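# Structural overview for review
For reference, the chains in residue letters:
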Amino acid sequence: MIRKVEKKQIRSRIHRRIRRKLSGTAQRPRLAVFRSVAHIYAQVIDDTEGHTIVSASSVDKGAKTTSRGGNVKAAKVIGKLVAERAREKGIKSVVFDRGGYHYHGRIKALADAAREAGLEF
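Residues numbered from 1 in each chain as written. Predicted model: local features only at pLDDT ≥ 70, side-chain atom pairs only at ≥ 80, totals over all residues. Heavy atoms only, no water.

## Looking at the packing of helix α2 (residues 72-88) against helix α3 (residues 106-116)
- For the pair α2 and α3, the least separation of the axes is 7 Å and the interaxial angle reads 35 degrees. The element α2 and its partner α3 pack so that their crossing is right-handed. Residue-level inspection shows V72, A75, K76, I78, G79, K80 and A83 of α2 in contact with α3, the latter providing R106, A109, L110, A113 and A114.
- Among the residues making up the contact of α2 with α3, the classes are represented as eight nonpolar, one polar and three charged. (Axes fitted to C-alpha atoms, helices over the stretch in contact; angles between N-to-C directions. Helix = DSSP H or I, 4+ residues; strand = E, 2+ residues; numbered from the N terminus. Left-handed = near helix turned anticlockwise from the far one by under 90°. Contact = heavy atoms within 4.5 Å. Nonpolar A, V, L, I, M, F, W, Y, C, P; charged D, E, K, R; others polar.)

## Describing the nonpolar core
- Core analysis: the largest hydrophobic core is formed by 24 residues, its most contacted members being L31, V44, I78, V82, F96, L110 and L119.
- Of all the secondary structure elements, the ones that give two or more residues to this core are β1 (30-35), β2 (40-46), β3 (51-57), α2 and α3.
- Looking at this core, the element that brings in the most residues is α2, giving six residues.
- Setting aside chain neighbours within four positions, we find L31 in contact with A42, Q43, V44, V82, V94, V95, F96, D97, A114, L119 and F121. (Core = buried A, V, L, I, M, F, W, Y, C linked by side-chain atoms within 4.5 Å. Buried < 20%, exposed > 50% of the residue type's maximum accessible area, 1.4 Å probe, protein only.)

## Some remarks on the environment of Q9
- Among the structural elements, Q9 can be located in helix α1 (residues 7-21).
- Expressed as a C-alpha distance, the spacing of Q9 and V94, which sit 85 residues apart in the sequence, is 27 Å.

## Brief notes about the environment of I45
- Along the chain, the position of I45 falls in strand β2.
- Taking C-alpha positions, I45 is 19 Å from I14, a pair spaced 31 residues apart along the chain.

## Here we look at the pattern of salt bridges
- This model, assessed by the stated rule, comprises six salt bridges.
- We note a salt bridge from R30 to D97, for which the minimum N-O separation is 2.8 Å. Taken together, the positions of R30 in strand β1 and D97 in strand β4 (residues 95-97) put the pair 67 residues apart, joining distant regions of the chain.
- Residue class for R30 comes out buried when judged on its relative accessible area of 7%.
- Classification of D97 as buried rests on a relative accessible area of 1%.
- Between K108 and D112 there is a salt bridge, with the nearest N and O atoms lying 3.3 Å from each other. Of the two residues, K108 and D112 are both situated in helix α3; the distance of four residues between them amounts to about one turn of the helix.
- The class for K108 is partly exposed, based on a relative accessible area of 36%. (Salt bridge = Lys/Arg side-chain N within 4 Å of Asp/Glu carboxyl O.)

## Focus: the packing of aromatic side chains
- Taken as a whole and assessed by the stated rule, the structure comprises four aromatic pairs.
- Measuring from centroid to centroid gives 5.9 Å for F34 and Y41, while their planes differ by 40 degrees, and the two rings are tilted.
- Accessibility expressed as a relative area gives 39% for F34, which makes it partly exposed.
- Note on F96 and F121: the rings are 5.2 Å apart at their centroids and 10 degrees apart in plane angle, and the pair reads as stacked. Of this pair, F96 sits in strand β4 while F121 sits in the segment after α3; the two residues are 25 residues apart in sequence, bridging distant segments of the chain.
- Three or more aromatic residues link up through ring pairs in this structure, and these residues are F34, Y41 and Y101. (Phe/Tyr/Trp six-rings, centres within 6.5 Å; stacked < 30°, edge-to-face > 60°.)

This is how it looks when you write it as structure tokens:
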């Protein structure tokens, strides 16, 4: 009988492979994205120090999402918010870590909104 591999395990394996190839520094930190069914989360991380510099999510009180966090509209709001917070901290360019997810839908919307708000990647 063929064992079916769960989607979560596949995404985890892809994310580990991506993380082997990219890392965030103080000059160019990593913009990591996590997506759940109901919400979306984004963090700007300095991997040399192991610190989160800036974060934003659809569960934040500062995120003014008119709808629930599991859609493209909310992802655009979070992308803009994380870019604005990063610019306030003096971060201009980041390395985008899609977290093992396909670059499509909410992930793409968050990345495009962050680019429009001034982050370079």
